[in-house]
Amino acid sequence: VLTGKIFGTDIYLFFPRHTEKKDYLARPFNYLPEEGVVFKYTGDEIIEGENYYRFIYSGDFDWTDSYTFDVPKIIGHDSGVILVEPYSGILIDYKENWVSNIEGGKYDGNVIENQTLIFTDDSRKVQILESFDIKSKIILYETILPIIFLIIGFGILISWWIGKRYPENIKILTRTKK
């Protein structure tokens, strides 16, 4: 079962199928702290008649260890808004802002990064189509196929019960030797 959780923890790497209207402790981006960030559920949003869940996150992080070379202490503020299709857990829309500052020394307070990441309209469309595809497969595997197998099982059970109860109604074809 795809839960979205990092193995052996209560931290999510991405949103699970059947995303709920609740806050999630997540670490979906590789530079965020290992202990995760709280993604707060803030409401529903309807796009083209479909319902999506909106989550926000915000925090100050020490990004020094994310660099592969020696740097002074780098503190960043990161915040974002994401939309998740609740059935599949697919991100539909994404906007993130972050600012990195050097802390201490002669560069104290210098901004070294100030960026915004967003999904383009084409990215959103692709994500929506992907979520519809996954949602339809989940509905097929979790609802439709089990109902079909249940109906077939009941049919077999009823046939067996009728045959057991009324054996005279069942004609057995036999071959005779000449």
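Residues numbered from 1 in each chain as written. Predicted model: local features only at pLDDT ≥ 70, side-chain atom pairs only at ≥ 80, totals over all residues. Heavy atoms only, no water.

Caption draft 1: Highlighting the overall build of the protein chain. Counting its regular elements, the protein chain contains 1 helix and 6 strands. Put simply, the protein chain runs from its N terminus to its C terminus through helices and strands in the order β-β-β-β-β-β-α. When contacts within the protein chain are restricted to residue pairs at least 6 apart in sequence, those whose partners lie at least 24 apart make up 41%. Summed over its atoms, the accessible surface of the protein chain is roughly 12,500 Å², and 59% of this surface lies on carbon and sulfur atoms. (Helix = DSSP H or I, 4+ residues; strand = E, 2+ residues; numbered from the N terminus. Contact = heavy atoms within 4.5 Å. Areas by Shrake-Rupley, 256 points an atom, 1.4 Å probe, with all protein chains shown as cover.)

Caption draft 2: View of the sheet that holds strand β5 (residues 91-102). If you walk across this open sheet you meet the 6 strands as β1-β2-β3-β4-β5-β6, and the pairing is antiparallel. On the outer flanks of this sheet lie β1 (24-26) and β6 (111-118), each paired with one strand and no other. The mean angle between the axes of side-by-side strands here comes to 20 degrees, regardless of whether they run parallel or antiparallel. Across 11 bridges, the pairing between strand β4 (residues 74-84) and β5 is antiparallel. Its bridge partner lying in β5, glycine 76 is registered against serine 100. Its contacts with the sheet place helix α1 (residues 121-165) against β2 (37-47), β3 (50-62) and β5, and it is angled at close to 130 degrees to β5. (Pairing = 2+ DSSP bridges. Axes fitted to C-alpha atoms, helices over the stretch in contact; angles between N-to-C directions.)

Caption draft 3: Highlighting the environment of tyrosine 87. With respect to the helices and strands, tyrosine 87 occurs in the loop between β4 and β5. Here tyrosine 87 falls in the partly exposed class, since its relative accessible area comes to 26%. Between the C-alpha atoms of tyrosine 87 and arginine 17, which are 70 residues apart in sequence, the distance is 5.6 Å. Here tyrosine 87 is in contact with Arg17, His18, Lys135, Ile138, Ile139 and Thr143, once residues within four sequence places are set aside. (Buried < 20%, exposed > 50% of the residue type's maximum accessible area, 1.4 Å probe, protein only.)

Caption draft 4: Summary view of the pattern of salt bridges. In the structure shown here, the tally under the stated rule is 7 salt bridges. One salt bridge in this structure joins glutamate 45 and arginine 54, with 3.0 Å as the shortest N-O distance. On the basis of relative accessibility, which here comes to 28%, the residue glutamate 45 falls in the partly exposed class. What makes arginine 54 partly exposed here is its relative accessible area of 22%. Between aspartate 121 and arginine 124 there is a salt bridge, and its shortest N-O distance comes to 2.4 Å. You can see aspartate 121 and its partner arginine 124 sitting in helix α1, 3 residues apart, about one turn around the helix. (Salt bridge = Lys/Arg side-chain N within 4 Å of Asp/Glu carboxyl O.)

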